[in-house]
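Residue-level structure breakdown
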Amino acid sequence: MLSLDTKILTGWDYFDDVILITKPDKSRTEQVVIRCPDWYFSIKTADYDKIIHTVDFEKLLFYKVTTKITTNGDFTLIHCKSTAKSNDVSELISKITAQGTVVYEADLTKTKRLLVDKKLPIANELKLLYFEIETDDSHSGIIEIGRDQILSWAAYDNDGKSWFVVSKDEKKLISELLKVIDSHDVFMGWNSQNFDVPYVLARMQKHKLAYTWKKRVHIDLMRRCIKLYSYEMEKIGLTGFSLNEVATTFLKESKVEHSKSIKELFDTDKETLEKYNRKDAELLLKLDEKLGITKLMINECVWTGTTLDRFYVGELLDNYMLRKSKERKQYLYSRPTKEQQDANEKIKIIGGYVKKPLTGLYDNVRVFDFKSLYPSIIVSWNIGPDSIDVKKSYLGLIELQKFVIGQKIEDVQFDDFVAFLQKQKTEIDPTDECYQTANNCFFRKDIDSFISGLVLELLELR
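All of the points below concern the structure found in this document.

This brings us to empty space enclosed by the protein. Taken as a whole and assessed by the stated rule, the structure comprises 1 cavity of 30 Å³ or more. By volume, the largest cavity is sized at about 40 Å³. What lines the largest cavity is Ile8, Leu9, Ile122, Ala123, Leu126, Ile298, Cys301 and Leu308. When contributions to the lining of the largest cavity are tallied by element, the ones reaching two or more residues are strand 1 (7-14) and helix 12 (293-304). In the lining of the largest cavity, the residues fall into 8 nonpolar, no polar and no charged.

Right, dumping it as structure tokens:
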């Protein structure tokens with residue numbers, strides 16, 4: 001039985017069921033199978049009343065395509081046995097959208113639906129493993145993934161333990177690595193997504209070894225460093241993202257130097273091989289402790305309700321918004337279909353105006369830098385699709401077009417533009433019910449924008 005305070009490490013859909021890897025405490029994990037958890041998509045109740053005569057929901061219930069119909073606020077929830085990936089549910093959604101009805105949250109997996117609806121907490125006390133493999137490099141030319149034998153591996157964890165295994169028996173060596181990975185929650189390497197992990201997988205295949213990788217989380221620390229520091233390389237004195245370069249920059253430490261190949265060390269000097277292999281793994285641990293990379297990732301996942309294996313900006317925001325919208329009895333738009341994406345690409349939106357600089361040498365220059373410019377604008381004017389006053393904004397945009405007709409917006413004098421906006425505010429919103437933006441749109445003060453509220457909370461968390 002899954003309690004609502006059970007912390008989740010990761011999870012995935014398995015046919016109509018959900019498999020969760022839970023953390024009862026820091027020292028262990030458990031695999032829990034949730035049989036046929038609730039899954040649904042939603043439509044506006046007003047739309048449901050319109051289509052009920054053309055969609056045979058009684059028949060769908062009889063054939064167990066749908067399981068029940070419920071309501072929540074202004075929405076009707078259509079509960080289904082399977083997700084939209086099944087043909088039956090996909091056909092049902094297509095039939096509904098063909099009538100012009102908007103379908104909400106039809107793109108969620110069962111796992112995501114469960115995490116959002118139950119508000120299951122994300123595990124934050126994790127056992128972290130930092131590992132590095134060394135392979136036979138006696139062949140000349142480029143290293144080929146999985147071609148040659150793994151000679152050794154080393155690892156450190158955040159509990160102060162370390163490992164070094166070197167052996168001619170590669171099958172035993174890999175089995176021991178898998179055992180250590182399985183005793184941790186997260187395993188990390190340097191360029192491990194492109195090298196260490198695929199290399200181990202290829203050698204596992206050779207020895208007919210199997211492991212369920214889904215139940216543990218992998219992080220490539222090099223990729224995270226590139227994501228975090230690629231825009232500040234010159235500022236911090238970083239010239240590349242090799243492990244040695246990053247460790248030298250941030251830790252003032254470097255890899256163990258040696259003049260022999262890894263294969264020569266394996267054959268003649270295993271002591272140096274151990275020092276070299278251990279140092280690489282130790283540098284990963286020290287870098288993560290110094291830079292707080294994994295700690296920040298875990299915090300963001302806990303805040304947003306996202307499992308660590310799904311750490312993408314889009315996924316973090318999506319889960320955060322889904323949880324918050326649930327509290328307001330609102331539902332979010334489904335991801336657009338391929339046809340909708342193609343149609344959206346044809347829509348042209350004018351971006352912000354950038355004034356052409358007047359080049360030259362100036363005295364007494366003042367620089368103004370708006371902190372978090374766009375988020376601050378959203379919060380200050382309560383901007384959002386739910387708070388916009390459509391009627392007033394429509395009138396405002398018409399008047400703006402009239403005001404700038406025959407000239408470019410950038411050619412309008414500032415004082416004239418301010419006077420125009422002030423007059424519009426008086427005429428269109430005389431009782432001061434709305435915030436007026438620079439493009440003469442109006443957002444209501446008595447309706448809290450969903451997006452604005454989320455942005456403000458995230459700014460405070462940051």
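Here we come to a nonpolar patch on the surface. On the surface, Leu358, Tyr362, Val365 and Val367 cluster together to form a nonpolar patch covering roughly 480 Å² of accessible area. Position of Tyr362 relative to the elements: it lies in the loop between helix 14 (338-345) and helix 15 (373-380).

A word on the packing of aromatic side chains. What the rule picks out here adds up to 16 aromatic pairs. Pairing Phe62 with Tyr63 gives two aromatic rings, centres 5.1 Å apart and planes at 90 degrees, and the pair type is edge-to-face. Considered together, Phe62 and Tyr63 belong to a single accessibility category, that of exposed residues. With 6.2 Å between their ring centres and 40 degrees between their planes, Phe417 and Phe420 make a pair best called tilted. With Phe417 and Phe420 both in helix 17 (residues 414-428) and 3 residues apart, this pair spans about one turn of that helix. Per residue, the accessibility class of Phe417 equals that of Phe420, and both read buried.

Turning next to the pairing of strand 5 (residues 66-72). Two faces make up the sheet, and in a regular strand the side chains alternate between them. Across 6 bridges, strand 5 lies against strand 6 (residues 75-80) in antiparallel orientation. Bridge pairing in strand 6 places Lys68 opposite His79.

With antiparallel pairing, 3 strands are arranged side by side in an open sheet as 4-6-5. Of all the strands in the sheet, just strand 4 (39-44) and strand 5 have a single pairing partner and so form its edges. Sheet twist, expressed as the average angle between the axes of neighbouring strands with direction ignored, equals 25 degrees. With respect to the sheet, helix 3 (residues 87-97) is in contact with strand 4, strand 5 and strand 6, its orientation differing from that of strand 4 by roughly 5 degrees.

Within a sheet, neighbouring strands are paired by backbone hydrogen bonds and run either parallel or antiparallel to one another. The strand order 1-2-3 describes an open sheet built from 3 strands, whose pairing is antiparallel. Only two strands of the sheet have a single neighbouring strand rather than two, namely strand 1 and strand 3 (28-34). Strand after strand, the sheet turns through a mean of 20 degrees between neighbouring axes, direction not considered. When strand 1 meets strand 2 (residues 17-25), the two strands line up antiparallel, connected through 7 bridges. Across the sheet, residue Thr10 finds its bridge partner in strand 2, namely Ile21.

We now examine unusual backbone geometry. Trans is the prevailing form of peptide bonds, just as negative phi is the prevailing case for residues other than glycine. You will see that Lys64, though not glycine, has its phi angle at about 60 degrees, which is positive. Residue position: Lys64 is located in the loop between helix 2 (57-62) and strand 5. Within the chain, Asn382 stands out as a residue other than glycine whose phi angle is a positive 55 degrees. Its place among the elements puts Asn382 in the loop between helix 15 and helix 16 (390-404).

Let us now look at the pattern of salt bridges. Counted according to the given criterion, the structure contains 42 salt bridges. Here Glu282 and Lys279 are joined by a salt bridge, their closest N and O atoms 3.9 Å apart. Of the two residues, Glu282 and Lys279 both sit in helix 11 (residues 270-291), 3 residues apart, roughly one turn of that helix. Owing to a relative accessible area of 22%, Glu282 belongs among the partly exposed residues under this scheme. Relative accessible area serves as the criterion here: at 17%, Lys279 is assigned to the buried category. Glu457 is the salt-bridge partner of Lys324, the closest N and O atoms lying 3.2 Å from each other. With a gap of 133 residues between them, Lys324 in helix 13 (residues 313-327) and Glu457 in helix 18 (residues 450-461) connect regions that are remote in the sequence. On the basis of relative accessible area, Glu457 is assigned to the partly exposed category, the value being 29%. Residues participating in the shared-partner salt-bridge network are Asp107, Lys112, Arg310, Glu315, Asp318 and Arg335.

If you trace the backbone, Thr359 turns up in the loop between helix 14 and helix 15. Each C-alpha atom of the pair Thr359 and Val217 lies 52 Å from the other, and the pair is 142 residues apart in sequence.

With that settled, the discussion passes to the packing of helix 5 (residues 170-182) against helix 6 (residues 196-206). Describing two packed helices takes the angle between their axes plus the distance from one axis to the other. Two elements in contact, helix 5 and helix 6, have axes whose closest approach is 10 Å; the angle formed by their N-to-C orientations is 125 degrees. Considered as vectors, helix 5 and helix 6 are oriented oblique to each other. The handedness of the crossing between helix 5 and helix 6 comes out as left-handed. Here helix 5 contributes Glu170, Ile174, Leu177 and Leu178 to the contact with helix 6, which in turn contributes Val200, Arg203 and Met204. When its residues are assigned to classes, the contact of helix 5 with helix 6 shows 5 nonpolar, no polar and 2 charged.

Cut-off values and rules
Residues numbered from 1 in each chain as written. Predicted model: local features only at pLDDT ≥ 70, side-chain atom pairs only at ≥ 80, totals over all residues. Heavy atoms only, no water. 1 Å grid on protein atoms, 1.4 Å probe; cavity = no way out; pocket = protein on both sides within 12 Å on 5 of 7 lines; lining within 4 Å. Points joined across faces, edges and corners; volume = space filled by probe spheres on them. Helix = DSSP H or I, 4+ residues; strand = E, 2+ residues; numbered from the N terminus. Nonpolar A, V, L, I, M, F, W, Y, C, P; charged D, E, K, R; others polar. Patch = residues over 30% accessible without salt bridge, like charges linked within 9 Å, V, L, I, M, F, W, Y side chains within 5 Å. Areas by Shrake-Rupley, 256 points an atom, 1.4 Å probe, with all protein chains shown as cover. Salt bridge = Lys/Arg side-chain N within 4 Å of Asp/Glu carboxyl O. Phe/Tyr/Trp six-rings, centres within 6.5 Å; stacked < 30°, edge-to-face > 60°. Buried < 20%, exposed > 50% of the residue type's maximum accessible area, 1.4 Å probe, protein only. Pairing = 2+ DSSP bridges. Axes fitted to C-alpha atoms, helices over the stretch in contact; angles between N-to-C directions. Contact = heavy atoms within 4.5 Å. Parallel < 35°, antiparallel > 145°, perpendicular 65-115°, else oblique. Left-handed = near helix turned anticlockwise from the far one by under 90°.

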